[in-house]
Amino acid sequence: MSHPSPVRPLRVLSLYPSFWPRQGGGQMVLAAIAQGLTPRIVNTVLTRKFADTPASEDYEFLTVRRFANPAPEVWKDYATGKQHVSFLQKLVVTGLDVVCSLAAIRRLSQTHDLIHLHFPLPLGISALLSRLLVRRPLVVTVHGNADVYELPASIEPITRAVLRRADAVVSVSQDLADYLTARMGVPRVIVIPNGVDVHQFQPGDRHDPVLNLFSVSRLVPRKNIHVLIAAVERLAAEGHRLTLTIAGTGPERERIAALAAASQGVVRFVGFIDEAQKQALLKDSDIFVQLSIREGLSIATLEALASGLPCVVSDLPGVREPVDPEQTGWLVPDPENVDSVTTTLRQVLAERDRLATMKQACRRVAVERYSLERMCESYWDVFTQLVPPR
């Protein structure tokens, strides 16, 4: 569908604590909005500077500007989880973010029409302070884990203040929106699910008697990869024909690699994979597994659905939302319990003759509910309600 461009593109200032080359679901969403709404918007991203990043970079669909933060590099990189960073150290980093970003936000606000904040803290404080001098509409997208679900109680009132003062609050899932209303007292939350490139991710044509499970994620304890490995090993020992491929990086990498190496070939650990490798692995799999105990809305699960893979996911808020039980996947009652995961996987094995029909349903759900085009147009509606095109 083509859209007439406004006389002048809408100028959006996006605030993100740690943008490219740091990678994550939120960064993918921001970049997708910038690309999907070009040329209707011009997007500038303001983010924290690291020692390995320049102060300014221009990409095809967005511009990145970085403010200096004098905190130690290891502290600033806490989101990657490569090394332990204490709560006090994180507090120092985020406090410096507020102070060091103020001048840049005020200056850039003068040449932009709207501020799009990803994660309420820390840059939401800077945005509110800047609005005392340069008033611009503020849209806040809440992604789920780091900004809300993992929020220390002492920080909750500040997050609540940012959300209540925003002109629009966007949640990436209905479960998260309900949480924001009930826990944070946000009166109106707009739900815009994350989107994926349904043209880039396509179903494969796999025919193999061995059921191949696939899981890709950040390797942290809450993803319960070790539980999945134990369940698959138990089923293989019972004589079931299945394998598991695990991809990803993170603090649990060494532990997961060791567990896979000791599995006698049942589990394969491939570590970091790029986009092309991920698409190939999805095409060569039968089932996607996500056993996280909390998610805003897992992009990995959406990519699996677009690839026609039925999904085995935790029966928990956010994680379960994109999966229709018995139609596009199965829900695990307790993702931290090996018996619970094993029982669900036994059901998958018993219903393997349904996979072809389920694959078609998965693809249809991804195209109808979770396309990038649908996500981008929803954001365009939010932006233009606050700043009409001109």
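Residues numbered from 1 in each chain as written. Predicted model: local features only at pLDDT ≥ 70, side-chain atom pairs only at ≥ 80, totals over all residues. Heavy atoms only, no water.

Undergrad: Residues and numbers for the pattern of salt bridges, please.
TA: Enumeration according to the criterion identifies 24 salt bridges in this entry. Note that Arg 346 and Glu 238 form a salt bridge whose closest N and O atoms lie 2.5 Å from each other. One end of the pair, Arg 346, is in helix 12 (residues 338-350); the other, Glu 238, is in the loop between helix 8 (225-237) and strand 10 (242-247), and 108 residues separate them in sequence. Between Glu 252 and Arg 255 there is a salt bridge whose closest N-O contact spans 3.1 Å. Residue classification places Glu 252 among the buried residues on the basis of a relative accessible area of 14%. Since its relative accessible area comes to 40%, Arg 255 is described here as partly exposed. Within the structure, one salt-bridge network assembled from shared partners comprises Arg 8, Arg 11 and Asp 113. (Salt bridge = Lys/Arg side-chain N within 4 Å of Asp/Glu carboxyl O. Helix = DSSP H or I, 4+ residues; strand = E, 2+ residues; numbered from the N terminus. Buried < 20%, exposed > 50% of the residue type's maximum accessible area, 1.4 Å probe, protein only.)

Undergrad: How would you explain the environment of Val 148 if you had to name every residue and give the values?
TA: Inspection of the secondary structure puts Val 148 in helix 5 (residues 145-149). Sequence-wise, Val 148 and Arg 106 are 42 residues apart; in three dimensions their C-alpha atoms are separated by 26 Å. Once you skip the residues sitting within four places of it in the chain, Val 148 turns out to touch Val 142, Leu 176, Tyr 179, Leu 180 and Met 184. (Contact = heavy atoms within 4.5 Å.)

Undergrad: Could you give an account of the packing of helix 11 (residues 299-306) against helix 13 (residues 355-369), with specific residues and numbers?
TA: Two elements in contact, helix 11 and helix 13, have axes separated by 7 Å at closest approach and are oriented at 120°. By the angle class used here, helix 11 and helix 13 are oblique. Residues Leu 302, Leu 305 and Ala 306 of helix 11 pack against Cys 362, Arg 363 and Ala 366 of helix 13. Class assignment for the residues of the contact of helix 11 with helix 13 results in five nonpolar, no polar and one charged. (Axes fitted to C-alpha atoms, helices over the stretch in contact; angles between N-to-C directions. Parallel < 35°, antiparallel > 145°, perpendicular 65-115°, else oblique. Nonpolar A, V, L, I, M, F, W, Y, C, P; charged D, E, K, R; others polar.)

Undergrad: How would you summarise empty space enclosed by the protein if you had to cite specific residues and measurements?
TA: Within this structure, the stated rule accounts for two cavities of 30 Å³ or more. The space that makes up the largest cavity amounts to roughly 50 Å³. Lining the largest cavity are ten residues, with Arg 8, Leu 10, Pro 388, Pro 389 and Arg 390 positioned closest to its centre. Residues of the lining of the largest cavity, tallied by class, amount to seven nonpolar, no polar and three charged. Forming the boundary of the second largest cavity are Ser 215, Val 216, Ser 217, Lys 223, Ile 225, Leu 228, Val 289, Gln 290 and Leu 291. (1 Å grid on protein atoms, 1.4 Å probe; cavity = no way out; pocket = protein on both sides within 12 Å on 5 of 7 lines; lining within 4 Å. Points joined across faces, edges and corners; volume = space filled by probe spheres on them.)

Undergrad: Describe unusual backbone geometry, naming the residues involved and giving the relevant values.
TA: Residue Pro 21 is bonded to the preceding Trp 20 through a cis peptide linkage, with omega at 10°. In this chain, Thr 38 is followed by Pro 39 through a cis amide linkage whose omega measures 10°. Residues other than glycine seldom take positive phi values, yet Phe 119 does so here, at roughly 75°. Take Phe 119: it is sitting in the loop between strand 5 (114-118) and helix 4 (123-130). Note on Phe 119: relative accessible area 15%, which makes it buried. In the Ramachandran plot, Asn 224 falls in the positive-phi region, its phi being about 60° despite a non-glycine side chain. Tracing the backbone shows Asn 224 in the loop between strand 9 (211-216) and helix 8. Of the residues examined, Asn 224 reaches a relative accessible area of 3% and is grouped as buried.

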